[in-house]
Amino acid sequence: MLELRIAGRDFGQPVLGEVFATIARGDRICLLGPSGIGKTTLLNAIAGLDKSVPDEAVIGRDKLRVGYLFQEHRLLPWRSLDANLKLVGASDQEAKTLLEQVGLSGYGHYLPDQLSLGMARRAALARCLAVKPDLLLLDEPFASLDPVMAGELKALIAGILDSHPDMAMICVTHDGGDAEILANRLWYLDGKPARLQWDDLIAEACLINGLLDKLRSLEPARL
Amino acid sequence: MRGRAGRPPLWSYWVVLPLFVLLWGSIAWLLQSPLLPTPLNVLDTLVRESATGELWRHLGATLGRVVVAFTLAMIIGTAIGIVMGRSQTTNALFDPLLVLLLNLPALVTIILMYVWFGLVEVAAVMAVVINKVPNVAVTVREGARSLDYRLEEMATVYEFTRWQRLREVWVPQLFPYLMAATRGGLALIWKIVLVVELLGRSSGVGFQLHMAFQVFDVAAILAYSLAFIAVVQLIELAILQPLERRSSRWRQPEAAHA
């Protein structure tokens, strides 16, 4: 579905090295790695937001619909949730259904900044779904949420993935635990410049043995 | 950008302005000179001019020129401002010209337009537009530079059309700047239009002031000025303030929720 041939990305100094990978329909990838290593940079490159990464570096994107859940909600603050959803192509009925799906029924006329952080993020998730995405990009969806809200959102996303078997997902996270719940494939980004040190399907055994421990024991020298 | 914050309470207008009229009346009454008519004389002139229809004809002519010049200046200035704010090259190209135009006296533009194009309506309006466009462009450029890149990225990912981006993403962010340009713009354009009319038109408030000046008819000068001030204030109260309130509603959420 999607093939990455990213040659690298500089911000004065090299941040991202070469990244080669393919993404198939139904892939649920968790992108892990130390903070500041370039996970969001990679996500932006995949989404086509990075103008210095040529379009040929992400083969197949032009044929895909992409939903991107940014760290901030990035809804238009001067438009209601309904209007925000309709702007990306949802009908009245679809907007209503989507808000219901993310647990915000009845909030259609609210402005984004009238919502709590968790609610706004769910509204932004509804917008991702409104474009009927082939590829869902999530940038630290659980960051700065309290454990209860984070858990709810995790369950919500897991449910969405279940009901969209053809959709691919890339989810940036710090937490191996997220991967256990959401992912069937794991990317580990590290090094300077950063490369995918590890791109693997998550085996049942790996999950049982504790993904986090495995990641912690992963020394760059051993790769 | 919030212009209303420094405004004194309403009663001060109801105290200071009548006091001023009273002061003016007493001085005029003491002097008994045709060069300083009493407020009643002025009111009288105002009623007479209004009854003959002259006042409305000339106010209308001025208003028409202001509306046309203002609309053109806002559209052109906004377009230039956005492009200059978004593109370094365009900014480098236009900025020197902007500096030149900003410092060019309005009177020079008016004279040049009349000399080159004759004493015609187009020349008059063009002179006003040329005077105003640089101010709008500079103000809007400031706004275009501060557009939120995060919303730009969002608009890119969700494939907003050019029109959607302008209408839904840019204009709301530029709104305070457009409002500032509008306020500054109207004040400036009114005044330039009067000069334009005084120098080369045969209608409008500026033309009437010119005629009154020829015969030292101070009462007429003051009557037309008052009518003029009233119209400007009416536009402020009836159009600008409601517009501002309506468009900044989203900034003040009723209450933080949940």
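If you're wondering where the values come from, they're calculated on a predicted model, not measured in any experiment. (Residues numbered from 1 in each chain as written. Chains lettered and ligands numbered in written order. Predicted model: local features only at pLDDT ≥ 70, side-chain atom pairs only at ≥ 80, totals over all residues.)

(A) Molecular detail of the overall build of chain A. Secondary structure assignment for chain A yields 8 helices and 11 strands. In chain A, which comprises 223 residues, the share counted as buried stands at 43%. Looking at chain A alone, contacts between residues at least 24 apart form 70% of all its contacts between residues at least 6 apart. (Helix = DSSP H or I, 4+ residues; strand = E, 2+ residues; numbered from the N terminus. Buried ≥ 20, exposed ≤ 12 C-beta atoms within 10 Å, placed from the backbone. Contact = placed C-beta atoms within 7 Å.)

(B) Quick peek at the overall build of chain B. Across its full length, chain B holds 10 helices and 0 strands. The secondary structure elements of chain B, listed N-terminal to C-terminal, are α-α-α-α-α-α-α-α-α-α. Principal axes of the C-alpha set define a box for chain B whose edges measure 75 × 55 × 30 Å. Residues counted as buried form 30% of the 258 residues belonging to chain B. Long-range pairs, those at least 24 residues apart, make up 73% of the contacts in chain B between residues at least 6 apart in sequence.

(C) How the structure looks around the environment of Ile181(A). All names here are of chain A. Topologically, isoleucine 181 is positioned in helix α6 (residues 176-182). Looking at isoleucine 181, the number of C-beta atoms within 10 Å reads 16, which means it is partly exposed. Separated by 24 residues in the primary sequence, isoleucine 181 and isoleucine 157 place their C-alpha atoms 9.7 Å from one another. What isoleucine 181 contacts, discounting residues up to four positions off in sequence, is Lys154 and Ala158.

(D) Region of interest: the sheet that holds strand β4 (residues 19-23) of chain A. One open sheet holds the 3 strands; their spatial order is β4-β1-β6 (chain A), and the pairing between them is antiparallel. Both outer strands of the open sheet, β4 and β6 (58-59) of chain A, are each paired with one neighbouring strand and no more. (Pairing = 2+ DSSP bridges.)

(E) The nonpolar core, seen in detail. Leu31(A) and Leu137(A) are the most contacted members of the largest nonpolar core, which has 122 residues in total. In terms of residue count, helix α6 (residues 121-145) of chain B provides more of this core than any other element does, 13 residues in total. Those residues within four positions of Leu137(A) in sequence are excluded, and the remaining contacts are Leu43(A), Ile46(A), Ala47(A), Val66(A), Gly67(A), Tyr68(A), Leu69(A) and Ile170(A). (Core = buried A, V, L, I, M, F, W, Y, C linked by C-beta atoms within 7 Å.)

(F) Region of interest: the interface of chain A and chain B. Taken together, the contacts link 20 residues of chain A with 15 residues of chain B. Residues that form the side of chain A that touches chain B fall into these classes: 14 nonpolar, 2 polar and 4 charged. (Nonpolar A, V, L, I, M, F, W, Y, C, P; charged D, E, K, R; others polar.)

(G) Focus on the confidence of the model for chain B. The share of residues in chain B with pLDDT of 70 or more is 95%, and the mean pLDDT across the chain is 89. Complex prediction metrics read pTM 0.78 and ipTM 0.85. (pLDDT = per-residue confidence, 0-100.)

(H) Geometry of the pairing of strand β8 (residues 135-139) of chain A. Residue and element names in this part refer to chain A. The buried fraction of β8 amounts to 5 of the 5 residues, a majority that puts the element mostly inside the structure. Neither face of β8 is left uncovered, since the one carrying Leu135, Leu137 and Asp139 and the one carrying Leu136 and Leu138 both have all their residues buried. Here strand β7 (residues 66-69) pairs with β8 via 4 bridges, running parallel. Counted as the bridge partner of glycine 67 is leucine 136 from β8. In terms of strand pairing, β8 meets strand β9 (residues 168-172) through 5 bridges, oriented parallel. In the sheet register, leucine 138 faces β9, and the bridge partner there is cysteine 171. Taken together, β8, helix α5 (residues 147-163) and β9 form a β-α-β motif whose crossover is right-handed. (Right-handed = clockwise from strand over helix to strand, strands pointing away.)

(I) Here's a closer look at the pairing of strand β5 (residues 28-32) of chain A. Residue and element names in this part refer to chain A. The buried fraction of β5 amounts to 5 of the 5 residues, a majority that puts the element mostly inside the structure. When β5 meets β9, the two strands line up parallel, connected through 4 bridges. Counted as the bridge partner of cysteine 30 is cysteine 171 from β9. Inspection of the sheet shows β5 paired to strand β10 (residues 185-190) by 4 bridges, in the parallel sense.

(J) A look at the packing of helix α5 (residues 106-117) of chain B against α6(B). All names here are of chain B. Packing of α5 against α6 brings their axes to within 9 Å, and their N-to-C directions diverge by 150°. Here α5 is positioned roughly antiparallel relative to α6, judged by the angle of their axes. The crossing of α5 and α6 is right-handed. When α5 is examined against α6, the residues Ala106, Thr109, Ile110, Met113, Tyr114 and Phe117 are found in contact with a partner set consisting of Val122, Ala123, Met126, Ala127, Ile130 and Asn131. Considered class by class, the residues forming the contact of α5 with α6 number 10 nonpolar, 2 polar and no charged. (Axes fitted to C-alpha atoms, helices over the stretch in contact; angles between N-to-C directions. Parallel < 35°, antiparallel > 145°, perpendicular 65-115°, else oblique. Left-handed = near helix turned anticlockwise from the far one by under 90°.)

(K) Expanded view of the packing of helix α3 (residues 54-86) of chain B against helix α9 (residues 205-214) of chain B. All names here are of chain B. Where α3 meets α9, the closest approach of the two axes is 7 Å, and the angle between their N-to-C directions is 130°. Here α3 lies oblique to α9, going by the angle between them. Of the residues in α9, those in contact with His58, Leu59 and Thr62 of α3 are Val205, Gly206, Phe207 and Gln208. Here the residues of the contact of α3 with α9 are counted per class, giving 3 nonpolar, 4 polar and no charged.

(L) Looking closely at helix α4 (residues 88-102) of chain B. Residue and element names in this part refer to chain B. Its 15 residues give α4 an end-to-end C-alpha distance of 20 Å, which sits within 8% of 21 Å, the value for a rise of 1.5 Å per residue. Taken as a whole, α4 carries its principal kink of about 35° at phenylalanine 94; the proline proline 96 stands between one and four residues after it. The element α4 is largely exposed, with a buried count of 0 among its 15 residues. (Expected span 1.5 Å × (residues − 1). Bend = angle between axes of the 7 residues up to and from the residue.)

(M) Inspection of unusual backbone geometry at higher detail. The step from Lys192(A) to Pro193(A) runs through a cis peptide bond, and the omega angle for that step is -5°. Considering the arrangement of structural elements, one finds Pro193(A) in the loop between β10 and β11 (195-201). One non-glycine residue with positive phi stands out, namely Lys132(A), at about 50°. Within the secondary structure, Lys132(A) sits in the loop between α4 (117-130) and β8. Notably, Gln32(B) is not glycine yet its phi reads approximately 50°, a positive angle.

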